[in-house]
Amino acid sequence: MYLSSRVRRVLAALTFLGLAFLYVPLILIVLNAFNRSRTFSFPPAGFTLRWWSAAAHSEGALHALGTSIRAGLGATAVALVLGTMAAFAVQRFDFFGRSTISFLVVLPIALPGIVTGLALNAAFTHVLDPLGIGFGLTTVIIGHATFCIVIVYNNVQARLRRMSGSLEEASADLGATGWQTFRLVTFPALRGALLAGALLAFGLSFDEIVVTTFTSGPAVQTLPLWIFGNLFRPNQAPVVNVVAAVLIALAVLPVWLAQRLGDDAASSRF
Amino acid sequence: MGGQVATDQELTLVPSVVPAPHDRRGAVSAFFSAKRKTRLAMLLGAPMLWLVLAYLGSIAVLLLSALWSTDFFTGNITHTYRLDNLREVYTQSLYRTVTLRTITVALVVTLLDVLLAFPMAFYLSKVAGPRLRKVLLVAVLTPLWASYLVKAYAWRSLLAPNGPVSWLTGGHTPGYGLTATVITLAYLWLPYMVIPVFAGFERVPRSLFEASADLGAGAGRTVRSVLLPMVFPAVAAGSIFTFSLTLGDYIAVGIVGGKTQLLANVIYGQLVTANNQPLAAALATVPLIAIVLYLLLMRRTGALDNI
């Protein structure tokens, strides 16, 4: 399409304005982690690294980080298994109600977080609790896995769609057993999609707070819950600032990894 | 049993009907289809058990619990089925005001995100050169991974009484309230709109622009008659996220909203502060119905294939 240079310039300007809108708040948070002033003030009072060592010794934050990692790994493992199975069923089989599966898989992230959270909370209170499974890390993992399935499912399904079944048929024709075909043909072709799916699922779980609030119970504190709990405590503000800056810096990681995986992985968060 | 009979018939019928070169393939696929049902059941069993039993089951429990009631004195839940909670939620003017406010905020946030995302996606997909485009794409994707809470917190700092916005404008900051809520939510969900819209632009082949130009259309006409209809399903897909995320958010609202209450805040308040789970469940039917209606509406645009 021929676009006049003026239209191109306007589009470029709007794009960079949009990027500025995205980045200014993040840069501010990173700067603030080095702010000498204990309370938030602008412009910053001076440079210090004091809060970074305070954060490194903050037991609450470190413990919460550990909990978040365990919850993320658990949810990712469940999502990897269930999402891959569902993707195989939908891509490699034709059956009644096939289109409903995609809808069902996407529902946990399409519905508002508070609905999912409240529903799981109600079910855990009325069904799991009487069975002896109280609120804790297990319930957090169940909750996170429910909305992480779709991420793995989407990634694996997209890969399976591009990879025709003929390779697997060829493998079978050459005498490989079903397991050998899966191990030597299907799995290597899927590895990238599985890694990307796992990465994205972990990222989603790591950042989740609404569903976590309703599924965690009092004893379990993930990192987002810790941040939220300390957000309004003035004496914790410098440590929160440092944790926030670290989380912003960490955001580069999944995008970089996804680029290395050479897939459109980072853009297929949902 | 019926399935077993059908596959047996296929096994005996296929070789005689299909011509010779296809004999072996027919036999192979018949062999597969005989085992297919078991294999399909094994593949689907666990995910369906999880999603139907754990997820839809939970929603069923939620809907049931909306009919229960909380004993005023003991705080215990009475398991008798009454429509009182739902009647209260759908008739009281307080809840109607909050619902209207929430839906308005959701629509304004969605509109803002469309307006911000559209030129960005357009520029990235159709104007920027390949190298710049790669850099810009990473630049747009990275903030999506920065923590949600950190981003909301960033806006709290930006809009603080002694914060940068106030410093820059000489005190003319919107402060914490409805405006801050709208800005922050639009900020939080922007990448969720940019990504599908960008993907939508990518699906429009350049040759269509040339065809449109050859037929005498200018840039404006091409955007209106070729680009917009093709990108619309992607915008609709993005709007499902911006809409649904706004309906379900109470945390960002709590951080920058001041006294502003959206639906999710009221639900949270009923569950945690008032300890009235049945009323919270009844209130949760409002965003649930809203988003189901929205999904049905958007399904007609083909948005669901773009998620």
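Residues numbered from 1 in each chain as written. Chains lettered and ligands numbered in written order. Predicted model: local features only at pLDDT ≥ 70, side-chain atom pairs only at ≥ 80, totals over all residues. Heavy atoms only, no water.

Asker: Help me understand the overall build of chain A in this model?
Answerer: Check the secondary structure of chain A and you find 12 helices and 0 strands. From first element to last, N terminus to C terminus, chain A shows the α and β order α-α-α-α-α-α-α-α-α-α-α-α. The burial tally for chain A puts 53% of its 270 residues in the buried class. Roughly 11,900 Å² of accessible area belongs to chain A as shown, and the carbon and sulfur atoms make up 67% of that amount. (Helix = DSSP H or I, 4+ residues; strand = E, 2+ residues; numbered from the N terminus. Buried < 20%, exposed > 50% of the residue type's maximum accessible area, 1.4 Å probe, protein only. Areas by Shrake-Rupley, 256 points an atom, 1.4 Å probe, with all protein chains shown as cover.)

Asker: Even after reading the chapter, I still don't get the overall build of chain B, so can you show me in this structure?
Answerer: When helices and strands are counted, chain B shows 13 helices and 2 strands. Within chain B, the fraction of its 307 residues that count as buried is 50%. In chain B, of all internal contacts separated by at least 6 residues, the share reaching a separation of at least 24 is 71%. Only carbon and sulfur atoms are counted for the fraction: they give 66% of the accessible area of chain B, which is about 14,800 Å². (Contact = heavy atoms within 4.5 Å.)

Asker: Before we go on, may I ask you to explain the interface of chain B and chain A in this structure?
Answerer: Put simply, an interface is often sized by how much accessible area is lost when its parts join up. Each side of the interface is counted separately: chain B has 89 residues, and chain A has 87 residues. Taking both sides of the interface into account, the surface hidden between chain B and chain A amounts to around 8,200 Å²; carbon and sulfur atoms contribute 82%. At the boundary of chain B and chain A, one finds 0 salt bridges. The interface formed by chain B and chain A includes 9 residue pairs in polar contact (both at pLDDT 80 or more). (Buried area = accessible area lost by both parts, 1.4 Å probe. Salt bridge = Lys/Arg side-chain N within 4 Å of Asp/Glu carboxyl O. Polar contact = N/O pair within 3.5 Å; in protein donor to acceptor, adjacent residues only side chain to side chain.)

Asker: Teacher, can you tell me more about unusual backbone geometry here?
Answerer: The phi angle of most residues is negative, glycine excepted, and most peptide bonds adopt the trans form. Residues and elements named next belong to chain B. Even without glycine at this site, Asn-275 takes up a positive phi of about 55°. The topology assignment puts Asn-275 in the loop between α12 (263–273) and α13 (277–299). Look at Asn-275 and you get partly exposed, because its relative accessible area is 49%.

Asker: Explanation requested: the nonpolar core in the structure shown.
Answerer: The nonpolar side chains of a soluble globular protein tend to be buried with one another. Counting 165 residues, the largest nonpolar core has Trp-226 and Ile-227 of chain A as its most contacted members. Of the residues forming this core, the biggest block, 15 residues, is contributed by helix α8 (residues 178–202) of chain B. In contact with Trp-226 of chain A, other than residues within four places in its own chain, are Ser-58, Gly-60, Ala-61, Ala-64, Gln-221, Gln-236, Val-239, Val-240 and Val-243 of chain A. (Core = buried A, V, L, I, M, F, W, Y, C linked by side-chain atoms within 4.5 Å.)

Asker: When you look at the packing of aromatic side chains in this model, what are you seeing that I'm missing?
Answerer: Each aromatic ring pair is described using two quantities: the centre-to-centre distance and the angle formed by the ring planes. Enumeration over the complete set of coordinates arrives at 19 aromatic pairs over all chains. Measuring from ring centre to ring centre gives 5.8 Å for Phe-202 of chain A and Phe-206 of chain A, while their planes differ by 20°; the resulting arrangement is stacked. A residue pair is termed a helical-turn pair when its members lie 3 or 4 positions apart in one helix, as Phe-202 of chain A and Phe-206 of chain A do in helix α8 (residues 178–207) at 4 residues. Judged by its relative accessible area of 22%, Phe-202 of chain A falls in the partly exposed class. Measuring from centroid to centroid gives 4.5 Å for Tyr-250 of chain B and Tyr-268 of chain B, while their planes differ by 20°, and the two rings are stacked. Here Tyr-250 of chain B is found in the loop between α10 (219–247) and α11 (251–256), whereas its partner Tyr-268 of chain B is found in helix α12, with 18 residues between them in sequence. What makes Tyr-250 of chain B buried here is its relative accessible area of 6%. Aromatic ring contacts, followed pair by pair, group Tyr-148, Trp-189, Tyr-192 and Phe-241 of chain B into a single cluster. (Phe/Tyr/Trp six-rings, centres within 6.5 Å; stacked < 30°, edge-to-face > 60°.)

Asker: Looking at this model, I keep getting lost on the packing of helix α12 (residues 252–260) of chain A against helix α5 (residues 130–145) of chain B. Mind explaining?
Answerer: The description of two helices packed together rests on the angle between their axes and the distance between the axes. The interhelical angle for the contact between α12 of chain A and α5 of chain B, taken along N-to-C directions, is 135°, at an axis separation of 8 Å. It follows that α12 of chain A is oblique to α5 of chain B by the angle criterion. Of the two elements, α12 of chain A crosses α5 of chain B, and the hand of that crossing is right-handed. Between α12 of chain A, through Val-252, Pro-254, Val-255 and Gln-259 of chain A, and α5 of chain B, the contact on the second element is made entirely by Lys-134, Val-138, Leu-141, Thr-142 and Trp-145 of chain B. (Axes fitted to C-alpha atoms, helices over the stretch in contact; angles between N-to-C directions. Parallel < 35°, antiparallel > 145°, perpendicular 65-115°, else oblique. Left-handed = near helix turned anticlockwise from the far one by under 90°.)

Asker: Even after reading the chapter, I still don't get the packing of helix α3 (residues 84–91) of chain B against α13 of chain B, so can you show me in this structure?
Answerer: All names here are of chain B. At a closest axis distance of 9 Å, the pairing of α3 and α13 adopts a crossing angle of 50°. Here α13 runs oblique to α3, going by the angle between their axes. As α3 runs across α13, the sense of the crossing is right-handed. When α3 is examined against α13, the residues Asn-85, Leu-86, Glu-88, Val-89 and Tyr-90 are found in contact with a partner set consisting of Pro-278, Leu-279, Ala-282, Leu-283, Thr-285, Val-286 and Ile-289. Each residue belonging to the contact of α3 with α13 can be placed in one class, and the counts come to 9 nonpolar, 2 polar and 1 charged. (Nonpolar A, V, L, I, M, F, W, Y, C, P; charged D, E, K, R; others polar.)

Asker: What is the right way to look at α8 of chain B in this model?
Answerer: One full turn of an α-helix is made of 3.6 residues, so residues set three or four places apart face in the same direction. Look at α8 of chain B: 35 Å from first C-alpha to last across 25 residues, which is about the 36 Å you get at 1.5 Å a residue. Across the 25 residues that make up α8 of chain B, a large majority, 20, are buried. (Expected span 1.5 Å × (residues − 1).)

Asker: Help me understand a nonpolar patch on the surface in this model?
Answerer: Residue and element names in this part refer to chain A. A contiguous nonpolar surface patch, about 510 Å² in accessible area, is contributed by Val-246, Leu-250, Val-252, Leu-253, Trp-256 and Leu-257. Taken together, the elements giving at least two residues each to the nonpolar patch come down to α11 (237–250) and α12. It is α12 that contributes the most residues to the nonpolar patch, 4 residues altogether. Checked against the element boundaries, Leu-253 lands in helix α12. Looking at Leu-253, the relative accessible area reads 46%, which means it is partly exposed. (Patch = residues over 30% accessible without salt bridge, like charges linked within 9 Å, V, L, I, M, F, W, Y side chains within 5 Å.)

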